[in-house]
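Secondary and tertiary structure notes
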Amino acid sequence: MFSHDIIKKRILVFGANGMLGQRTIDFYSRMENVQVLGSSVEDEPVYDYADYVQCDITKRDNVKDVVFDFYPDFIINAAAFTNVDQSEIERETAWKINVKGVEYLAEACRVLDVHLIHISTDYIFDGANGPYSEKAKANPLGYYGRTKLASENALKISGTVHTILRTNVLYGIANSRPDFVRWVINSLKNGKEIKIVTDQINNPTFIDDLVQAINKIIEYGKQGVYNIGGRDFLSRFEFTNIIAEYFGLNKELIIPIKTSELKQLAKRPLKSGLITIKAETELGYTPHSIMESLAIMKHELVL
Ligand SMILES: NC(=O)c1ccc[n+]([C@@H]2O[C@H](COP(=O)([O-])OP(=O)(O)OC[C@H]3O[C@@H](n4cnc5c(N)ncnc54)[C@H](OP(=O)(O)O)[C@@H]3O)[C@@H](O)[C@H]2O)c1
């Protein structure tokens, strides 16, 4: 009897130790027809369920060696300098990782005809009149947003087969730094007062929904720009109260404040959020509601 050798899809995930990177590796490490390799700047992975190779995407030759050696069909770039306030200070580092790194990935992909899937943000917009469609005019308020917009533009002129997924306020389970939901739970469980802004409106994105959207892009081979956001548009204060209510925690500890009171280094888009109609119609993207996402998280959370 002849054996049916499955032609495995080869997927290389950069930023594998980060919040999105981990969840993406976790998802593909369970798929029979996929060979997944994770990569990040650290020497060691934070997970043990898939292969890993160290790579600093700001090092052009490092990128070329890793990409040419694995020869993937798809690259998912979840690597980035994501500290929005620190980006105002460490501008060169943010630019090298968020722009030059993407240029080096695009270059290697173009040579091998690899499809590059890159993650961007609603911070390319100024938050004057969100939510935004894919066609909306970008106007970043801070340096992080400027680097992410520059990364999109670099890809658009790169000649590389690519897809840009814009997302906002990612939350969900990942081993590395706690996401917003776990930060709220941990703070309130320890009786700690938390000051939460009432004037930042967006549609927080359940990380598993973003992973599903990435998989749809790979399945359908879609190119272009897609917004990937949650089903619910609300303020951060409303989001926090829903989390507290769902996990039976003390809402009295949630103090409403304005963004300006935080005196953060980087300005935040206030009336933001991402319209997901295009992803829903072209990819069959079906984002979870916040309540559904919290129910899924509750199963995995060790409270
Ligand atoms: N989190 C959000 O709410 C949000 C919202 C909108 C868009 N996004 C975008 O979504 C993507 C994933 O975000 P995330 O929250 O998962 O980020 P994250 O948790 O901060 O992970 C980023 C990963 O990139 C790695 N990295 C940093 N510099 C690198 C380099 N030079 N070479 C290789 N890897 C490097 C980091 O390694 P270290 O751990 O060593 O730093 C980290 O593992 C990013 O493009 C981000 O801009 C995120």
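Scroll up to find the structure.
Cut-off values and rules
- Residues numbered from 1 in each chain as written.
- Predicted model: local features only at pLDDT ≥ 70, side-chain atom pairs only at ≥ 80, totals over all residues.
- Heavy atoms only, no water.
- Pairing = 2+ DSSP bridges.
- Helix = DSSP H or I, 4+ residues; strand = E, 2+ residues; numbered from the N terminus.
- Axes fitted to C-alpha atoms, helices over the stretch in contact; angles between N-to-C directions.
- Right-handed = clockwise from strand over helix to strand, strands pointing away.
- Near = heavy atom within 4 Å.
- Polar contact = N/O pair within 3.5 Å; in protein donor to acceptor, adjacent residues only side chain to side chain.
- Areas by Shrake-Rupley, 256 points an atom, 1.4 Å probe, with all protein chains shown as cover.

1. Quick word on the sheet that holds strand β5 (residues 115-121)
Note: strands within a sheet are paired through backbone hydrogen bonds, in either parallel or antiparallel orientation. Spatially, the seven strands line up as an open sheet ordered β3-β2-β1-β4-β5-β6-β11, and their pairing is parallel. The strands lining the two open edges of the sheet, one partner per strand, are β3 (51-54) and β11 (224-228). Between one strand axis and the next, the sheet turns by 20° as a mean value, whatever way the strands run. Of the strand pairs in this sheet, strand β6 (residues 162-167) and β11 are connected by five bridges, and their pairing is parallel.

2. A closer look at the pairing of strand β1 (residues 9-14)
In this structure, β1 lies alongside strand β2 (residues 34-40), joined through six bridges in parallel fashion. Within the sheet, the bridge partner assigned to Arg10 lies in β2 and is Gln35. Handedness of the crossover is the feature at issue here: the chain leaves β1, passes through helix α1 (residues 19-29), returns alongside β2, and the resulting connection is right-handed. Pairing between β1 and strand β4 (residues 74-77): four bridges, direction parallel. In the strand pairing of β4, Leu12 is matched with Ile75.

3. Comments concerning the site of the ligand
The full set close to the ligand counts 26 residues, and Leu20, Glu42, Thr82, Tyr144 and Lys148 are the nearest of them. Tyr144 is positioned with one of its side-chain polar atoms (N or O) 2.7 Å from an oxygen atom of the ligand. Within the side chain of Lys148, a nitrogen or oxygen atom sits 2.8 Å from an oxygen atom of the ligand. If the ligand stood free it would expose 900 Å²; the protein chains cover 84% of that surface. Contributions of two or more residues to the shell around the ligand are made by α1, β5 and α5 (143-156).

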